[in-house]
Amino acid sequence: MRAAQHDHSHQAVPSDLTLRVKALESLLVEKGLVDPAALDALIDTYEHKVGPRNGARVVARAWVDPAYKARLLTDATAAIGELGYTGTQGEHMIVVANGPKVHNLVVCTLCSCYPWPVLGLPPVWYKSAPYRSRAVIDPRGVLREFGLELPEDVEIRVWDSTSEVRYLVLPERPAGSEKLSEEELAALVTRNAMIGVAKVTLLQPGAHS
Amino acid sequence: MNGVHDMGGMHGMGPIRTGDDEPVFHERWEARAFALALAMAAWRKWTLDGSRHQRELITSAESADELLREMGYRAG
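Nothing here was measured: the structure is a model prediction, and the numbers come from that model.

Draft legend 1. Here's a closer look at the environment of Lys69 of chain A. Residues and elements named next belong to chain A. Along the chain, Lys69 turns up in helix 4 (residues 66-74). Through-space distance from the C-alpha of Lys69 to that of Pro115 is 18 Å; in sequence the pair is 46 residues apart. In this view, Lys69 contacts Ala62 and Leu170; residues no more than four positions away in its chain are not counted.

Laid out in structure tokens, this is it:
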């Protein structure tokens, strides 16, 4: 049933929305309210410049620099700003650190709030009903669905992004990574690990995200 | 409020499609609508609460997939 709905949306909705969005853009350009070149620049920014690589650099810095980590956990917005990542949907950041007995998971049960400056735009599953509904009542089951089985004695903390606050998970640094450079460490950090649905491992993930 | 705009704890939504490999924008209109909403926000003609209100005008009866597709267009 789900697949059928999905296919239906793909076929029936886009042509209508394409026309509506095009009409809206034409109107706003005509009124002098937007510049098409500015729209191109915005799209390019979010497609190529803002994304989880930013968050990965924040995580790697925290792993190699205890003073930075302390600042990150005290005033995340400022510490992330030190690396140049600021702006829309990242004005009020909180970083939550994983540990041997604590695992953090981020969700937005109300819509799709997400820390854009460090992770880019959210993936579809993050905005989907199954994730949003279940993350808060069955986080362990949700993690299992992502292939992450946590021991029973690990506490799971779920952070619901409401209003202006955005969360980033600081994953645990993987064992055996002591000799890696900051840059090499950043390459290990995935988007999913910074949302909290995965751990960081030494092996490069197949689908890098 | 309990519906598509406040989904925490709701049952029966099925499995999560955990697929990892997807483009930032899935269709051209998504990118244009996103950029339009962002560019227009600079004129400060609506507030965060106004944006949220528009989003909540989308009824629960609309499917979750349609909701996601519409969000960018209606509320940024």
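Having put the structure on the table, let's press on.
Draft legend 2. Quick peek at the pattern of salt bridges. Residue and element names in this part refer to chain A. Counted by the stated rule, this structure contains 12 salt bridges over all chains. Where Asp153 meets Lys101, a salt bridge forms, and the shortest distance between an N and an O atom there is 2.5 Å. Of this pair, Asp153 sits in the loop between helix 9 (139-145) and strand 3 (155-160) while Lys101 sits in the loop between strand 1 (92-97) and strand 2 (102-107), and the two are 52 residues apart along the sequence. We classify Asp153 as partly exposed; its relative accessible area is 48%. On the basis of relative accessible area, Lys101 is assigned to the partly exposed category, the value being 46%. We note a salt bridge from Arg134 to Glu145, for which the minimum N-O separation is 3.0 Å.

Draft legend 3. Molecular detail of the pairing of strand 4 (residues 165-170) of chain A. Residue and element names in this part refer to chain A. For strand 4, a buried count of five out of six residues is recorded, marking the element as mostly surrounded by other parts of the structure. The pairing of strand 1 with strand 4 spans six bridges and is parallel. Bridge assignment links Met93 to a residue of strand 4, and that residue is Arg166.

Draft legend 4. Main features of the packing of aromatic side chains. Under the definition given, this model contains 11 aromatic pairs over all chains. Between Tyr46 of chain A and Phe34 of chain B, the ring centres sit 5.0 Å apart and the planes meet at 80°, which makes this aromatic pair edge-to-face. Of the two residues, Tyr46 of chain A sits in helix 2 (residues 36-49) while Phe34 of chain B sits in helix 1 (residues 28-41), which places them in two different chains. The burial state of Tyr46 of chain A is the same as that of Phe34 of chain B; both residues are buried. Their ring planes at 40° and their centres at 5.3 Å tell us that Trp159 of chain A and Tyr167 of chain A sit as a pair that is tilted. Judged by relative accessible area, Trp159 of chain A falls into the partly exposed class, the value being 25%.

Draft legend 5. Representation of the environment of Tyr85 of chain A in the model. Residues and elements named next belong to chain A. Summarising the element assignment, Tyr85 is placed in the loop between helix 5 (76-82) and strand 1. Relative accessible area serves as the criterion here: at 14%, Tyr85 is assigned to the buried category. Put simply, Tyr85 and Val124 are 39 residues apart on the chain and 23 Å apart in space, counted from C-alpha to C-alpha. Once you skip the residues sitting within four places of it in the chain, Tyr85 turns out to touch Asn54, Arg57, Val58, Ile80, Pro117 and Val118. A distance of 3.1 Å separates the side chain of Tyr85 from the side chain of Arg57, its partner in a polar contact.

The rules we used
Residues numbered from 1 in each chain as written. Chains lettered and ligands numbered in written order. Predicted model: local features only at pLDDT ≥ 70, side-chain atom pairs only at ≥ 80, totals over all residues. Heavy atoms only, no water. Helix = DSSP H or I, 4+ residues; strand = E, 2+ residues; numbered from the N terminus. Contact = heavy atoms within 4.5 Å. Salt bridge = Lys/Arg side-chain N within 4 Å of Asp/Glu carboxyl O. Buried < 20%, exposed > 50% of the residue type's maximum accessible area, 1.4 Å probe, protein only. Pairing = 2+ DSSP bridges. Phe/Tyr/Trp six-rings, centres within 6.5 Å; stacked < 30°, edge-to-face > 60°. Polar contact = N/O pair within 3.5 Å; in protein donor to acceptor, adjacent residues only side chain to side chain.

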